[in-house]
Amino acid sequence: MAQQTASGAEVATDSAQCCPADPQREPAVEISPAVHAFLKALANPIRQRIMLLFARGAELSVNQVAELARIGQPRASEQLAELKRGGILTSRKQGKVVLYRADKQRVVQALADLQEYMRHCC
């Protein structure tokens, strides 16, 4: 359902929608920086392939990721950094080696935040 305002703009009155029909107005809910980084990290096919390497709690070094993903070490390092910024991976140092693993708690939170955003905007 929609109503017209005094200016003639159509505004949704359905409680499931938060965003007015007027595209000039800002939505009531925005994607958080954390969810934006999460989505950006998911957007790349190489990072998607790398993510699968961390199934079942695996911890891997950048060299292991490079070998398993069949990419160069510098590229693996860049991709791991983006996945870490996106909250998908976490890391810890063991001596001189940095080990990466999935950050399930942050992934669950990002998905919950994204679901909340989608509930309000769509």
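Refer to the structure printed above.
The shown structure was predicted, so the numbers you read here are calculated from the model rather than taken from an experiment.

Draft legend 1. Summary view of unusual backbone geometry. Even without being a glycine, R56 presents a positive backbone phi close to 60°. When you line up the elements, R56 lands in the loop between α2 (45–52) and β3 (60–61). Despite not being glycine, R70 has its phi angle at roughly 60°, a positive value. One can find R70 in the loop between α3 (62–69) and α4 (73–85). A relative accessible area of 77% means that R70 is categorised as exposed.

Draft legend 2. Quick peek at the sheet that holds strand β4 (residues 89–94). In spatial order, the strands read β3-β5-β4; together these 3 strands make up an open sheet with antiparallel pairing. The sheet terminates laterally at β3 and β4, the two strands that pair on one side only. Of the pairings in the sheet, the one linking β4 to strand β5 (residues 97–102) comprises 6 bridges and is antiparallel in character. Its bridge partner lying in β5, L89 is registered against A102. With respect to the sheet, α4 is in contact with β4 and β5, its orientation differing from that of β4 by roughly 120°.

The rules behind each value
Residues numbered from 1 in each chain as written. Predicted model: local features only at pLDDT ≥ 70, side-chain atom pairs only at ≥ 80, totals over all residues. Heavy atoms only, no water. Helix = DSSP H or I, 4+ residues; strand = E, 2+ residues; numbered from the N terminus. Buried < 20%, exposed > 50% of the residue type's maximum accessible area, 1.4 Å probe, protein only. Pairing = 2+ DSSP bridges. Contact = heavy atoms within 4.5 Å. Axes fitted to C-alpha atoms, helices over the stretch in contact; angles between N-to-C directions.

Function cannot be inferred from these measures alone, as they are strictly geometric.
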